[in-house]
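# Structural description and commentary
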Amino acid sequence: MVRTLLAPVRTVAMFVVVALATVAFGTYVIVAARFNPQSSTITWCMRTWGNLWIWFGGLRPTLEGMEHIDPNGSYMIVSNHLSGFDVAMHISRLPVSVRFLAKKELFRIPVLGPAMHAVGMVETDRQAGPAAHRAINEQVARVMDLRPSLIIYPEGTRSRDGELHAFKKGAFRIAIDNSLPVVPVAVWGTREAWPPGSKLVRGGPATMVAHPPIPTAGLGPGDIEPLRDRAHATIAETLERLRA
């Protein structure tokens, strides 16, 4: 009841604060990335931006398994996707600096779009099909030069029903091509805090669980599907535990 009553106030506060922060931090990283794209202040800005979503959105995160991730490592992180809060959780709470595959529409937003380009987010076009693979690979190669971790939601979009859906193969192909260990991450509770399509942010508890990295060194094209299925099974088992 309290969450429902506070939802309108929480929603307005979150979006006002995040909009102002996007302009301030976005402008800074656009300039900073020109001089040093590996600057630690860029990661700080990204994490603070993610934390603002969490703090003002009333999300209360619980973390498990972060010890499996080396802060100095570079990984392919794959996660289920339930809510807009997932991005904030991953940016602010994972111990590594992360970059995302993001739909091209986001890159058209003033300040946010140029800032995403500046820090190395990978632009994708869902309608381009196989023609987009080369462009994505080129962008990923540039990101890997900066040595952050890459995070992909292999379901392709947020789950509208809260269930875990089939994974696409792209993330695992990229991981094998770049010898990136795959870290399966499960997120639970964010859908209740901010359901897909809802204009109101309710807040509440959420959990993020990171699993040990799955090595990909020496793997080839024939290993893409088994790697995908292994990551999917790991996340599915964790979601069942959290659901129970």
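Reference entry: report on the structure contained in this document. Predicted model, so just to flag it, every value in this text is computed and none were measured.

Calculation rules
Residues numbered from 1 in each chain as written. Predicted model: local features only at pLDDT ≥ 70, side-chain atom pairs only at ≥ 80, totals over all residues. Heavy atoms only, no water. Helix = DSSP H or I, 4+ residues; strand = E, 2+ residues; numbered from the N terminus. Rg over C-alpha atoms; globule rule 2.2 N^0.38 Å. Contact = heavy atoms within 4.5 Å. Lys, Arg positive; Asp, Glu negative; His and termini not counted. Charge placed at Lys NZ, Arg CZ, Asp CG, Glu CD. 1 Å grid on protein atoms, 1.4 Å probe; cavity = no way out; pocket = protein on both sides within 12 Å on 5 of 7 lines; lining within 4 Å. Points joined across faces, edges and corners; volume = space filled by probe spheres on them. Nonpolar A, V, L, I, M, F, W, Y, C, P; charged D, E, K, R; others polar. Buried < 20%, exposed > 50% of the residue type's maximum accessible area, 1.4 Å probe, protein only. Polar contact = N/O pair within 3.5 Å; in protein donor to acceptor, adjacent residues only side chain to side chain. Core = buried A, V, L, I, M, F, W, Y, C linked by side-chain atoms within 4.5 Å. Phe/Tyr/Trp six-rings, centres within 6.5 Å; stacked < 30°, edge-to-face > 60°.

### Observations regarding the overall build of the protein
What the protein contains, in helices and strands, is 8 helices and 7 strands. Here the protein has a C-alpha radius of gyration of 17 Å; the compact-globule value for 244 residues is 18 Å, and the two agree. The dimensions of the protein, computed from C-alpha atoms along their principal axes, are 55 × 50 × 35 Å. Long-range pairs, those at least 24 residues apart, make up 76% of the contacts in the protein between residues at least 6 apart in sequence. Taken together, the 26 basic and 19 acidic charged side chains of the protein have centroids lying 8 Å from each other.

### A closer look at empty space enclosed by the protein
Here the structure, examined in full by the defined rule, presents 1 cavity of 30 Å³ or more. Each pocket or cavity is described by its volume, and for the largest cavity that value is around 30 Å³. Along its surface, the largest cavity is lined by T43, M46, R47, I91, V96, S97, V98 and R99. Top contributing element to the lining of the largest cavity by residue count: helix α2 (residues 40–57), with 3 residues.

### Regarding the layout of surface pockets
Space inside the second largest pocket adds up to approximately 270 Å³. Around the second largest pocket, the lining comprises 18 residues; the ones closest to its centre are T43, S97, L146, R147 and P148. Here the lining of the second largest pocket gets 4 residues from one element, more than from any other, and that element is α2. By residue class, the composition of the lining of the second largest pocket is 7 nonpolar, 8 polar and 3 charged.

### Notes on the environment of H232
Locating H232 in the fold gives a position in helix α8 (residues 224–243). H232 sits in the partly exposed class, given a relative accessible area of 24%. On a C-alpha basis, the gap between H232 and I152 in space is 13 Å, while along the polypeptide they are 80 residues apart. Excluding residues within four positions of it along the chain, H232 makes contact with L164, H165, A166 and F167. Of note is the side chain of H232, whose polar atom sits 3.1 Å from the backbone oxygen of H165.

### Quick word on the nonpolar core
The biggest cluster of nonpolar side chains holds 44 residues, and the ones touching the most others in it are I77, L94 and V98. Counting 24 residues, the second largest nonpolar core, distinct from the first, contains M144, I152, A175 and I214.

### Let's talk about the packing of aromatic side chains
For the structure shown, the criterion picks out 8 aromatic pairs. Ring centres of F15 and W194 lie 5.7 Å apart, and the angle between their planes is 80 degrees; on these two criteria the pair is classed as edge-to-face. Taken together, the positions of F15 in helix α1 (residues 2–35) and W194 in the loop between α7 (190–193) and β7 (204–210) put the pair 179 residues apart, joining distant regions of the chain. Residues W49 and W53 carry aromatic rings whose centres are separated by 5.7 Å and whose planes lie at 80 degrees to one another, so their mutual orientation is edge-to-face. You can see W49 and its partner W53 sitting in helix α2, 4 residues apart, about one turn around the helix. By relative accessible area, W53 is classed as buried at 14%. One aromatic cluster is present, formed by F15, W49, W53, F85 and W194 through successive ring pairs.

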